[in-house]
Amino acid sequence: MKAENEQRTGLLYGFGAYGLWGLVPLFWPLLKPAGAVEILAHRMVWSLAVVGALLLVMRRWGWIRELLREPRKLGMTALAATVISVNWGLYIWAVNNGAVVESSLGYFINPLVTIAIGVLLLGERLRRAQWAAVAIGFLAVLVLAIGYGRPPWISLVLAFSFATYGLIKKKLGMGGVESLAAETALLFLPALGYLLWLGAQGRSAFGSEGLGHSALLATTGLVTAIPLVFFGAAAIRVPLSTLGLLQYLAPVFQFLLGVAYFHEAMPFERWAGFSLVWAALALLTWDALRTARRSRARVEAAGTAAPASAPAAAAAPEPERA
């Protein structure tokens, strides 16, 4: 009963995390006339304040000393901070410039890009269904490039930057709150310096657009931290396969917002390209669930066979000693 309650709680946290990430396109336009770089700088500064408060409550400080003692790990954290800055900044710019649908495509194809990186950089071997999904995804990008009259560069940069970020995070092995704290700490001074420079030039939106607008800019820290905390709570309560399925909620919400709320154009070529992407993801999901089911069946079969073989082993005569 307790396990069921834990899993139900984990699902709620998972829906909360991916639901908030999916609805965030509604938030960034509220921050205009601030530009994407200014919004990004505020996100870095206020995220550190929020995450610092969380660490203070949880009393997690020991990892800082360990990180500072490992230059390689610190360098990888700086690289992760740089990559996620590109991802965040481009996403904010895209949403505020009428490219919500193309942005959602980036997060739809992210699992396919992650698989491709695993093959190219980590030497991972793919099953036939995975190869087919990657091939369909590549075809989808070609169809969308024809439809857009250019490569869907926003989608590709978002997908590759987030997949690269995930690869670095996997190598680092840090907790979600700790890694965000380290990344935002490294970005804090450049971000604060940029905001101070904007203010000195009289070009800062903070304080010049009213108290409400300034408060919204300050909440970028909460917008960043809350879904991450929810995600961390979900990750320890639900199976990885369930979490993998939940991740599609965010781009689905983003796509629906782009089409239904922001009224972005969706000609036939884009529908065709997105349909291919969804077909690739459906194939990928089916293969992952099938593989997980087979693995679980093998484990159960091995567990059943072990007790059955124990009496036989006990009854076997002891070999004579020379």
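Conventions we followed
Residues numbered from 1 in each chain as written. Predicted model: local features only at pLDDT ≥ 70, side-chain atom pairs only at ≥ 80, totals over all residues. Heavy atoms only, no water. Phe/Tyr/Trp six-rings, centres within 6.5 Å; stacked < 30°, edge-to-face > 60°. Helix = DSSP H or I, 4+ residues; strand = E, 2+ residues; numbered from the N terminus. Buried < 20%, exposed > 50% of the residue type's maximum accessible area, 1.4 Å probe, protein only. Lys NZ or Arg CZ within 6 Å of the ring centre and 35° of its normal. Core = buried A, V, L, I, M, F, W, Y, C linked by side-chain atoms within 4.5 Å. Contact = heavy atoms within 4.5 Å. Expected span 1.5 Å × (residues − 1). Axes fitted to C-alpha atoms, helices over the stretch in contact; angles between N-to-C directions. Parallel < 35°, antiparallel > 145°, perpendicular 65-115°, else oblique. Left-handed = near helix turned anticlockwise from the far one by under 90°. Nonpolar A, V, L, I, M, F, W, Y, C, P; charged D, E, K, R; others polar. Lys, Arg positive; Asp, Glu negative; His and termini not counted. Salt bridge = Lys/Arg side-chain N within 4 Å of Asp/Glu carboxyl O. Polar contact = N/O pair within 3.5 Å; in protein donor to acceptor, adjacent residues only side chain to side chain. Arc of directions from axis to C-beta. pLDDT = per-residue confidence, 0-100.

Caption draft 1: Up close: the packing of aromatic side chains. According to the stated counting rule, one finds 19 aromatic pairs in the structure shown. Here the aromatic rings of phenylalanine 255 and tryptophan 271 are separated by 5.7 Å at their centres, their planes lie at 80°, and the arrangement is edge-to-face. One end of the pair, phenylalanine 255, is in helix 13 (residues 249-261); the other, tryptophan 271, is in helix 14 (residues 268-315), and 16 residues separate them in sequence. Here phenylalanine 255 falls in the buried class, since its relative accessible area comes to 6%. Accessibility expressed as a relative area gives 35% for tryptophan 271, which makes it partly exposed. Linked through ring pairs, Phe108, Phe255, Trp271, Phe274 and Trp278 together constitute an aromatic cluster. Its end group placed over the ring of tryptophan 88, arginine 43 keeps NZ or CZ at 4.1 Å from the ring centre.

Caption draft 2: Examining the nonpolar core more closely. In this structure, Val51, Leu55, Trp63 and Ile168 are the most contacted members of the largest nonpolar core, which totals 27 residues. Mapped onto this core, the elements with two or more residues apiece are helix 2 (36-58), helix 3 (62-68), helix 4 (71-95), helix 8 (153-172) and helix 9 (176-200). Those residues in contact with leucine 55, other than ones at most four positions away along the chain, are Arg60, Trp61, Trp63, Val177, Glu178 and Ala181. Counting residues in hydrophobic clusters, the runner-up holds 24 residues, among them Leu105, Phe108, Tyr148 and Met266.

Caption draft 3: Helix 8, seen in detail. End to end, helix 8 covers 28 Å across 20 residues, agreeing with the expected 28 Å (1.5 Å per residue, within 8%). Residues of helix 8 that are buried include every one of Ile154, Ser155, Leu158, Ala159, Ser161, Ala163, Tyr165, Leu167, Ile168 and Leu172, and no others. The first or second residue beyond helix 8 is glycine 173, which carries a positive phi of 70°.

Caption draft 4: Focus on the packing of helix 2 against helix 11 (residues 220-235). Across the interface, helix 2 lies against helix 11 with an axial gap of 7 Å and an inter-helix angle of 50°. Taken together, helix 2 and helix 11 sit at an angle that is classed as oblique. By crossing handedness, the relation of helix 2 to helix 11 is classed as right-handed. On helix 11, the residues that touch His42, Arg43, Trp46, Ser47, Val50, Val51 and Leu54 of helix 2 are Thr220, Gly221, Leu222, Thr224, Ala225 and Val229. Counted by class, the contact of helix 2 with helix 11 contains seven nonpolar, five polar and one charged residues.

Caption draft 5: Inspection of the side chain of arginine 43 at higher detail. The topology assignment puts arginine 43 in helix 2. Put simply, arginine 43 is tucked away with no salt bridge, and the nearest opposite charge, on glutamate 183, sits 10 Å away. A polar contact is formed between the side chain of arginine 43 and the side chain of threonine 224, at a distance of 2.6 Å. Ignoring anything within four residues of it in the chain, the contact list for arginine 43 reads Trp28, Trp88, Ile92, Thr220 and Thr224.

Caption draft 6: Molecular detail of helix 7 (residues 128-148). Here helix 7 spans 30 Å end to end across 21 residues, near enough to the 30 Å set by a 1.5 Å rise per residue. Three or more residues of helix 7 are buried, namely Ala129, Gln130, Ala133, Gly137, Ala140, Val141, Leu144 and Tyr148. In a view along the axis of helix 7, the buried residues occupy a sector of 125°, so they form one face of it. Summarising the geometry of helix 7, the exposed residues directed more than 90 degrees from the buried face are Arg128, Phe138 and Ile146. Within two residues after helix 7, glycine 149 carries a phi angle of roughly 80°, on the positive side.

Caption draft 7: Molecular detail of the side chain of threonine 285. Note on placement: threonine 285 falls in helix 14. A relative accessible area of 17% means that threonine 285 is categorised as buried.

Caption draft 8: Quick look at the confidence of the model for the protein. The share of residues in the protein with pLDDT of 70 or more is 91%, and the mean pLDDT across the chain is 84. Across the protein, helix 10 (residues 211-218) holds the top mean pLDDT of 93, while helix 12 (residues 240-246) sits lowest at 70. Contacts from residues 312-322, a stretch scored under 50 in pLDDT, to residues over four places away or in other chains number zero contacts.

Caption draft 9: Structural detail: unusual backbone geometry. That bond from lysine 32 to proline 33 is cis: its omega, 15°, falls within 30 degrees of zero. Mapped onto the fold, proline 33 is located in the loop between helix 1 (2-23) and helix 2. A positive phi is found at histidine 263, a non-glycine position, where the angle reads about 55°. Summarising the element assignment, histidine 263 is placed in the loop between helix 13 and helix 14. On the basis of relative accessible area, histidine 263 is assigned to the exposed category, the value being 63%.

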